[in-house]
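# Chain and residue survey
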There are 2 protein chains.
Amino acid sequence: MTIKEVCEVYKITPDTLRYYERVGVIPRVHRTAGGIRDYDETDLGWVANAICFRDAGLSIELLAEYVRLFREGDETFEARCDLLRGAREELLAARKKYDVALEKLEYKIAKYEEAVRTGTLSWDDEPGN
Amino acid sequence: MTIKEVCEVYKITPDTLRYYERVGVIPRVHRTAGGIRDYDETDLGWVANAICFRDAGLSIELLAEYVRLFREGDETFEARCDLLRGAREELLAARKKYDVALEKLEYKIAKYEEAVRTGTLSWDDEPGN
DNA sequence: ATACTACATGGAGTGAGCTCCAAGTCAAGG
DNA sequence: CCTTGACTTGGAGCTCACTCCATGTAGTAT
């Protein structure tokens, strides 16, 4: 699979994909004899995971560290597991912040919908909004 | 309340707080006669909201736009409501990505915990991990 | 053989969101 | 009155994660 095809599948630019490889977020991709990237199933798996985890806000550095450990072999099982657990904590903490913000948002939206109907806004409870 | 006190409460730096004010994420804060910031309840409310929404990933620009509309007065109720609804969609979409990533993470962590116990890893299902 | 297109590489440039710094001001203590 | 320390401002600098660019090459069409 060429880089262009992969880009179409995952809605990402070739530059980003090459960048991910360069900084080690995905391992080195297979090449044709002429040196052109030719993504196989395994490469695609790495790409999919990288995009998924980046979308969730995990850092380039964390993902690259995981790949580095992966390449070192089986004696890094625990290290990789620890890293993933850390990542999980990070994501859970971030999601909690989303929930707090969403709750605030819902409250405000309800207020505004009422305000649009009645023509007046009443911030009786929360200051400065 | 001085800028330092506000910073201690919200675990943020004075530079960030002044930056937020400069770019309009919060409206201009009250000052003492000497020009020193003196945060009142309303100012604190804006600060709390700004931090909450920034933590959830809403952009500086979106928050500043809200403040801009707020300052324009009551005829922007609808615009503000629309903006908030857009923000809600953004947050819901982002949270969905978190959930997908968390699910993947849980799966991997389970695999690794098994691997650490048994000494071998079996990626029978997913390629490239 | 020549032209064209899609890829390759290394390195520079960009935008968002802070973060730091120089120079100046003000209020309190000695 | 002078020093000290916490504040002020405008502007430069930094980090992260891309994104763009110049230059070169590989493969295909004419």
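Thresholds applied
- Residues numbered from 1 in each chain as written.
- Chains lettered and ligands numbered in written order.
- Predicted model: local features only at pLDDT ≥ 70, side-chain atom pairs only at ≥ 80, totals over all residues.
- Heavy atoms only, no water.
- Helix = DSSP H or I, 4+ residues; strand = E, 2+ residues; numbered from the N terminus.
- Polar contact = N/O pair within 3.5 Å; in protein donor to acceptor, adjacent residues only side chain to side chain.
- Contact = heavy atoms within 4.5 Å.
- Phe/Tyr/Trp six-rings, centres within 6.5 Å; stacked < 30°, edge-to-face > 60°.
- Buried < 20%, exposed > 50% of the residue type's maximum accessible area, 1.4 Å probe, protein only.
- Near = heavy atom within 4 Å.
- Nonpolar A, V, L, I, M, F, W, Y, C, P; charged D, E, K, R; others polar.

## Focus: the side chain of R37 of chain B
Residue and element names in this part refer to chain B. You can see R37 is positioned in the loop between α2 (14-23) and α3 (41-55). Only 2.7 Å separates the side chain of R37 from the side chain of E21, close enough to count as a polar contact. Apart from residues no more than four positions distant in its own chain, R37 is found in contact with M1, T2, I3, R18, E21, V29, H30 and R31.

## Remarks on the packing of aromatic side chains
Under the criterion given, the structure shown has 11 aromatic pairs over all chains. Between Y19 of chain A and Y20 of chain A the ring centres are 6.1 Å apart and the planes differ by 45 degrees, which places this aromatic pair in the tilted class. On the basis of relative accessibility, which here comes to 35%, the residue Y19 of chain A falls in the partly exposed class. For Y20 of chain A, a relative accessible area of 10% gives the class buried. Geometrically, the ring pair formed by Y98 of chain A and Y98 of chain B is tilted, given 5.0 Å between the ring centres and 50 degrees between the ring planes. Separated into two different chains, Y98 of chain A in helix α5 (residues 77-118) and Y98 of chain B in helix α5 (residues 77-118) make up a pair that spans both. As far as burial versus exposure is concerned, Y98 of chain A and Y98 of chain B are alike and both buried.

## Things to note about the protein's contact with DNA strand D
Surveying the vicinity of DNA strand D reveals 17 residues, the closest of which are D15 and R54 of chain A together with R18, R31 and R37 of chain B. Here the atoms of DNA strand D within 4 Å of the protein split so that 71% fall in sugar or phosphate, with bases taking the remainder. R31 of chain B is positioned with one of its side-chain polar atoms (N or O) 2.9 Å from a phosphate oxygen of DNA strand D. R37 of chain B places a side-chain nitrogen or oxygen 2.7 Å from a phosphate oxygen of DNA strand D. Of all the elements in the fold, those that place two or more residues in the surface near DNA strand D are α2 (14-22) of chain A together with α1 (3-10) and α2 of chain B. The leading source of residues in the surface near DNA strand D is α2 of chain A, at five residues. For the surface near DNA strand D, the residue count by class is five nonpolar, four polar and eight charged.

Coordinates in, geometry out; function isn't part of it.
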